[in-house]
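Each chain, written out:
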Amino acid sequence: MSRIPCCLLYLAIYNPTLRPKYPIDDDEDAEEQAHILFYTSKERAVSRDRMLRQIGLSKALVNFTELFNPNDKCESIHSQSRRIILVSPEPNFWINACVELPKTLQASSPSKNAGKSKSKTAAKEKEKDAQPPVYDYEDGTVHDIAIRSQLLHAYERFKLIHGSFTSILAELGQEVLELQLERFFTVWAWSWNLEAKAQIADQLGLPLQPYYSALIPLLDRYSATLPEHVAPIVLSRTHIIPSTRYISGEYPDVLVERLMSMVPPPALHTEDPLAASVDTIQPVLDSDSPGSKAAPTGLFGLPAVNVNMDVRKWNWNPFPFGKGGSKPAEEGAQDIDEQKETNATPPEQPSRDGIEQGQPSNPTHQETTEVQVDSKALEEALASDGLSPTPQPETKEPEEDQTSQKQEPSEVDTLRIDTDTPRPARQNSLSVDEENRLLHVDDGTASPQSSKTILPRARFPSSSSRSSSPAPPEFSKCFLHLPSSDDLLVTRKQPVYYYTRNGTMLALIGVDDEETTSLEPDEILTAAQQATEMLDDIELTIQNAALSKLSESLPTAIKILQTPDQYAISTDHYMLQSPGFASDSGHLQNSTALFERDPDVLEVFSRGQNPQYWHVAKRGLSSHDSPTDESGPSRGLAFLEVFKKEASLPDVDNALAGILRKSGISESGLV
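This section reports on the structure supplied with the text. Starting from 1, residues in each chain are numbered consecutively following that chain's sequence as written. Predicted model: local features are reported for residues with pLDDT of at least 70 only, side-chain atom pairs are reported and counted for 80 or more only, and whole-chain, interface and lining totals are derived from all residues. The side-chain quantities take in all heavy atoms of the structure and omit both hydrogens and water.

### Some points on the overall build of the protein chain
Every helix listed is a DSSP run of H or I at least four residues long, and every strand listed is a run of E at least two residues long, numbered separately from the N terminus. Looking only at helices and strands, the protein chain features 19 helices and 21 strands. Within the protein chain, buried positions represent 41% of all 671 residues. Contact criterion: two residues are considered in contact whenever any of their non-hydrogen atoms come within 4.5 Å of each other. Considering only intrachain contacts with a sequence separation of at least 6, the fraction spanning at least 24 residues in the protein chain is 67%. Total accessible area on the protein chain is roughly 38,800 Å²; 52% of this is exposed by carbon and sulfur atoms. When a residue's accessible area, from a 1.4 Å probe over protein chains only, is under 20% of the maximum for its type it is buried; when over 50% it is exposed; and in between it is partly exposed. Accessible areas in this description were obtained via Shrake-Rupley with a 1.4 Å probe; residue shielding takes into account the shown protein chains only.

And the structure:
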């Protein structure tokens with residue numbers, strides 16, 4: 001059997017109070033056509049009479065229902081094959097959508113007169129071909145609430161980009177309004193997927209960050225540094241953290257959805273700043289040098305020295321230090337002269353020996369992450385019997401004369417290496433004890449365990465780094481149409497400042513170009529300076545909260561075998577949901593429709609047949625909600641799906657009460 005999916009037949013927007021642009025002489029059709037601002041149909045070419053009949057039917061039913069109850073307007077019209085949804089987003093403006101229900105061709109019954117003559121059978125087949133096909137329509141698969149919410153969502157998007165219908169009609173005129181409606185709703189209408197099952201979460205509001213209760217105070221502390229009319233929010237592609245000012249402002253939900261679409265996805269591989277810390281002494285190898293592909297080695301072919309490596313584990317030469325390690329005075333003086341000439345004209349690129357000794361490619365660069373090793377002192381400390389280091393023309397300091405004083409390996413002191421400030425030139429001849437005393441710059445914090453490790457000394461920032469602090473982040477700006485605080489139908493183009501970092505956006509809303517609500521340059525600078533610290537606090541709080549609940553996420557046999565329950569709690573504008581919540585259950589859709597029809601209904605419990613899952617809907621989450629209060633029952637909705645077949649009604653009720661208690665929605669002030 002072939003199934004024809006649900007589809008849109010036509011979409012129209014009209015205002016019955018509009019009048020023709022030009023005077024007419026008793027032409028009722030022209031007056032009715034002047035009411036229509038936008039019309040699109042599945043059939044490309046539609047006559048004016050048919051268009052007027054379709055919209056005239058909707059206007060007649062709306063006027064007829066207002067005779068019984070002016071406050072309860074007609075919102076939907078049902079027939080066997082079609083569904084008409086009427087939405088009035090603004091006074092006197094109506095959005096009319098006609099939807100054809102999904103249908104399936106009925107199967108023809110087998111012929112009972114198989115033994116009759118062929119002539120009679122052929123005649124009956126001709127009669128069947130002349131009759132139109134008969135379809136079975138699936139009325140229960142289309143939900144009015146879902147279609148109405150999607151129409152209102154499209155209107156809010158149009159209002160955010162272009163402004164409200166009333167504002168455009170008053171400021172720019174009817175022609176401009178018709179043109180903007182044509183550009184927006186034509187594209188939206190024929191990209192509208194009515195066959196997709198409506199998710200209940202799409203009707204409940206914006207998803208809150210799971211740890212919102214600990215994050216909102218951090219955002220409120222940041223908002224205290226801003227002017228009173230500015231409302232900050234922090235959001236990602238999936239969650240929102242509203243401030244108290246933003247909650248009280250009652251901004252449209254589509255504003256946050258628009259900003260969420262502008263947030264870039266977080267980087268998959270982020271560099272850890274601690275990984276760049278100087279914790280090893282490694283040579284700086286040039287990618288073009290022959291030795292760049294080989295493993296880094298230290299002096300005399302030793303492996304790279306780690307700051308936490310114990311000197312006693314090195315491959316020391318069994319011969320004592322100092323024996324035969326001294327140079328004649330003449331050779332030392334000759335080396336000093338050669339070194340002075342080398343220092344007078346420093347080479348552009350260091351030699352390979354200099355690279356292996358840990359010297360940087362640019363000797364004048366002091367603020368580098370690589371440790372600059374005093375190679376001469378290290379060579380003299382590691383010199384073995386009969387071996388004397390060769391002079392290095394690339395070193396900064398001249399070689400000194402060495403004495404023939406013996407030194408045991410146990411007497412090697414801690415080498416604290418200055419990575420920032422250059423070492424002053426030393427005298428030509430120093431004893432080993434004096435040389436070690438110059439190398440050992442201990443601040444009194446060295447421990448006995450580190451007496452035989454090579455540790456980098458704390459770097460001191462240069463004068464340039466001390467004078468310049470990190471530049472504050474720069475805010476970007478976009479313009480959106482937002483309603484004014486006095487009248488929600490009057491929209492005005494306002495700037496929205498935002499700053500994005502690592503998949504998180506900080507947005508400042510409520511700023512206007514007027515003098516009373518504009519941001520001064522110093523105020524923007526203050527907001528930028530505090531933004532980095534506030535985002536760091538939020539990230540740290542989320543990490544700590546996630547680590548504290550790490551034990552709850554450990555897999556157990558029950559969690560693996562049993563499908564976990566899922567829930568969603570709505571506060572009209574915000575939603576708190578279980579991880580991965582997704583439900584297109586018709587039970588929950590019907591419960592929402594029942595809430596709208598009967599204000600006295602507070603809870604709906606239903607159970608399926610196959611599978612036997614529980615579906616629960618509850619409204620009135622705040623403590624002051626009551627059936628007699630006009631706004632009480634509609635404030636707050638909770639939906640729960642329990643996937644335990646053996647669960648009873650009291651078990652489901654207790655599970656819902658426990659979820660509401662742990663969520664803290666009632667005490668948060670969001671309801």
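Here the narrative resumes, following the displayed structure.
### Structural notes on the packing of helix H4 (residues 144-161) against helix H6 (residues 174-189)
Between two packed helices, the angle of one axis relative to the other and the distance separating the axes together describe the packing. To obtain each axis, a line is fitted to C-alpha atoms, and for helices this fit is confined to the stretch in contact; angles are then taken between N-to-C directions over 0 to 180 degrees. At a minimum axis separation of 11 Å, H4 and H6 run at an interaxial angle of 140°. Taken together, the axes of H4 and H6 are oblique relative to one another. Regarding H4 and H6, the two cross each other, and that crossing is right-handed. In this structure, H4 uses Gln 150, Leu 151, Ala 154, Tyr 155, Arg 157, Phe 158 and Ile 161 to contact H6, whose residues at the interface are Gln 180, Leu 181, Phe 184, Phe 185 and Trp 188. Here the nonpolar group is Ala, Val, Leu, Ile, Met, Phe, Trp, Tyr, Cys and Pro; Asp, Glu, Lys and Arg are the charged ones; every other residue, Gly included, is treated as polar. Broken down by class, the residue content of the contact of H4 with H6 amounts to nine nonpolar, two polar and one charged. If an angle is under 35 degrees, it is roughly parallel; if it is over 145, roughly antiparallel; if it lies from 65 to 115, roughly perpendicular; otherwise it is oblique. Crossing handedness is defined as follows: a turn of the near helix away from the far one that is anticlockwise and smaller than a right angle gives a left-handed crossing, while the clockwise case is right-handed.

### Regarding the sheet that holds strand S5 (residues 82-90)
A sheet is described by the order of its strands in space; here five strands give the open sequence S3-S2-S6-S5-S4, paired in antiparallel fashion. Edge strands, defined here as strands with exactly one partner in the open sheet, are strand S3 (36-41) and strand S4 (76-78). With direction set aside, neighbouring strand axes in the sheet form an average angle of 10°. The sheet strands contacting helix H2 (residues 48-66) are strand S2 (7-14), S3, S4, S5 and strand S6 (93-100), and the helix crosses S3 at an angle near 120°. Taken strand by strand, H6 contacts S2, S3 and S6, and its axis lies near 25° from that of S3. Whether two strands pair depends on DSSP finding at least two bridges between them.

### Observations regarding unusual backbone geometry
A cis amide bond, omega 5°, links Asn 610 with the succeeding residue Pro 611. Along the polypeptide, Pro 611 turns up in the loop between strand S19 (603-607) and strand S20 (614-619). Phi angles above zero are rare outside glycine, and Asn 92 is one such case at about 75°. Mapped onto the fold, Asn 92 is located in the loop between S5 and S6. For Asn 92, a relative accessible area of 40% puts it in the partly exposed group.

### Description of a nonpolar patch on the surface
A cluster of nonpolar side chains, namely Phe 64, Leu 67 and Phe 68, defines an oily patch on the protein surface of about 400 Å² accessible area. For Leu 67, a relative accessible area of 69% gives the class exposed. The patch calculation keeps residues exceeding 30% relative accessible area without a salt bridge and links them within 9 Å when they carry like charges or within 5 Å when they are nonpolar (Val, Leu, Ile, Met, Phe, Trp, Tyr). Between Lys or Arg on one side and Asp or Glu on the other, a salt bridge is scored when a side-chain nitrogen of the former is within 4 Å of a carboxyl oxygen of the latter.

### Let's talk about the environment of Pro 252
Note that Pro 252 resides in the loop between helix H8 (244-249) and helix H9 (253-261). Pro 252 gets classed as buried once you look at its relative accessible area, which sits at 18%. Linking Pro 252 and Lys 159, residues 93 residues apart in sequence, is a C-alpha distance of 10.0 Å. Residues contacting Pro 252, with those up to four places away along its chain left out, are Glu 156, Tyr 246 and Pro 483.

### Thoughts on the packing of aromatic side chains
Think of a pair of aromatic rings as described by two things: how far the centres are apart, and how the planes are tilted against each other in angle. Only centres within 6.5 Å qualify two rings of Phe, Tyr or Trp (six-membered ring in Trp) as a pair; their planes then separate them into stacked at under 30 degrees, edge-to-face at over 60, and tilted for everything else. Applying the stated rule across the entire model yields 14 aromatic pairs. Taking the centre distance of 6.0 Å and the plane angle of 25° together, the rings of Tyr 10 and Tyr 39 count as stacked. Of this pair, Tyr 10 sits in strand S2 while Tyr 39 sits in strand S3, and the two are 29 residues apart along the sequence. Pair check on accessibility: Tyr 10 and Tyr 39 agree, each one buried. Note that Lys 103 overlies the ring of Tyr 135, its terminal NZ or CZ placed 4.6 Å from the centroid. Placement of a positive charge over a ring is assigned whenever Lys NZ or Arg CZ falls within 6 Å of the ring centre and within 35 degrees of the normal to the ring plane.

### Side note on H4
The α-helix winds at 3.6 residues per turn, so residues separated by three or four positions along the chain end up facing the same way. Expected span of a helix, by definition, is 1.5 Å for each gap between consecutive residues, and there is one gap fewer than residues. Between its first and last C-alpha atoms H4 spans 26 Å; for 18 residues at 1.5 Å apiece the expected length is 26 Å, and the two agree. Within the span of H4, buried status applies to Asp 144, Ile 145, Ala 146, Ile 147, Arg 148, Leu 151, Ala 154, Tyr 155, Phe 158, Lys 159 and Leu 160. Residue Gly 163 follows H4 closely and has a positive phi angle near 115°.

### A closer look at the packing of helix H7 (residues 212-223) against helix H15 (residues 521-548)
Following both chains from N to C, one finds H7 and H15 inclined at 170°, their axes separated by 10 Å at the closest point. Relative to H15, the element H7 lies roughly antiparallel. From H7, Ala 214, Leu 215, Leu 218, Leu 219, Arg 221 and Tyr 222 reach across to H15, where they touch Ala 527, Gln 530, Ala 531, Met 534, Asp 537, Ile 538, Thr 541 and Ile 542.

### Some words on the nonpolar core
As used in this record, nonpolar core signifies buried Ala, Val, Leu, Ile, Met, Phe, Trp, Tyr and Cys residues forming a set joined through side-chain atoms within 4.5 Å. Core analysis: the largest hydrophobic core is formed by 61 residues, its most contacted members being Tyr 222, Tyr 246 and Phe 475. The residues contacting Phe 475, other than those within four sequence positions of it, are Tyr 222, Tyr 497, Tyr 498, Tyr 499, Leu 506, Leu 508, Ile 524, Ala 527, Ala 528 and Ala 531.

### Side note on H15
The first and last C-alpha atoms of H15 sit 41 Å apart over 28 residues, in line with the 40 Å expected at 1.5 Å per residue. Note on bend: the value at a residue is the angle between axes fitted to the seven residues ending there and to the seven starting there. Of all bends in H15, the biggest is about 30°, found at Ala 531. Of all the positions in H15, only Ala 527, Ala 528, Ala 531, Met 534, Leu 535, Ile 538 and Ala 545 are classed as buried. In the core, the buried residues of H15 are packed alongside H7, strand S10 (231-235), strand S11 (240-242), strand S15 (491-501) and strand S16 (504-509).

### Quick look at the side chain of Ser 484
By secondary structure assignment, the location of Ser 484 is in the loop between strand S14 (476-483) and S15. With a relative accessible area of 14%, Ser 484 lands in the buried category. Distance and chemistry together define a polar contact, namely a pair of N or O atoms within 3.5 Å, with one atom able to donate a hydrogen and the other to accept it when in protein, and with adjacent residues in sequence counting only for side-chain atoms on both sides. There is a polar contact of 2.9 Å between the side chain of Ser 484 and the backbone oxygen of Asp 487. Sequence-distant contacts of Ser 484, defined by excluding residues within four places in its chain, comprise Val 490 and Arg 492.

### What to know about the sheet that holds strand S18 (residues 574-577)
One open sheet holds the six strands; their spatial order is S9-S18-S17-S21-S20-S19, and the pairing between them is mixed. Each of the sheet's edge strands pairs with one partner strand only, and the pair in question is strand S9 (206-207) and S19. In this structure, strand S17 (residues 566-570) lies alongside S18, joined through three bridges in antiparallel fashion. Bridge assignment links Ala 568 to a residue of S18, and that residue is Gln 577.

### Comments concerning the pattern of salt bridges
Applying the stated criterion across every chain, the model contains 14 salt bridges. Here Arg 83 ties to Asp 139 by a salt bridge, and the two come within 2.6 Å at their closest N and O atoms. With a gap of 56 residues between them, Arg 83 in strand S5 and Asp 139 in the loop between strand S8 (135-137) and H4 connect regions that are remote in the sequence. Measuring nitrogen to oxygen at the nearest pair gives 3.0 Å for the salt bridge that ties Glu 100 to Lys 103. A relative accessible area of 15% means that Glu 100 is categorised as buried.

### Focus: the environment of Tyr 10
Classification of Tyr 10 as buried rests on a relative accessible area of 3%. Put simply, Tyr 10 and Val 99 are 89 residues apart on the chain and 7.5 Å apart in space, counted from C-alpha to C-alpha. Setting aside its immediate chain neighbours within four residues, Tyr 10 contacts Tyr 39, Thr 40, Ser 41, Gln 54, Ile 84, Asn 96, Ala 97 and Cys 98.

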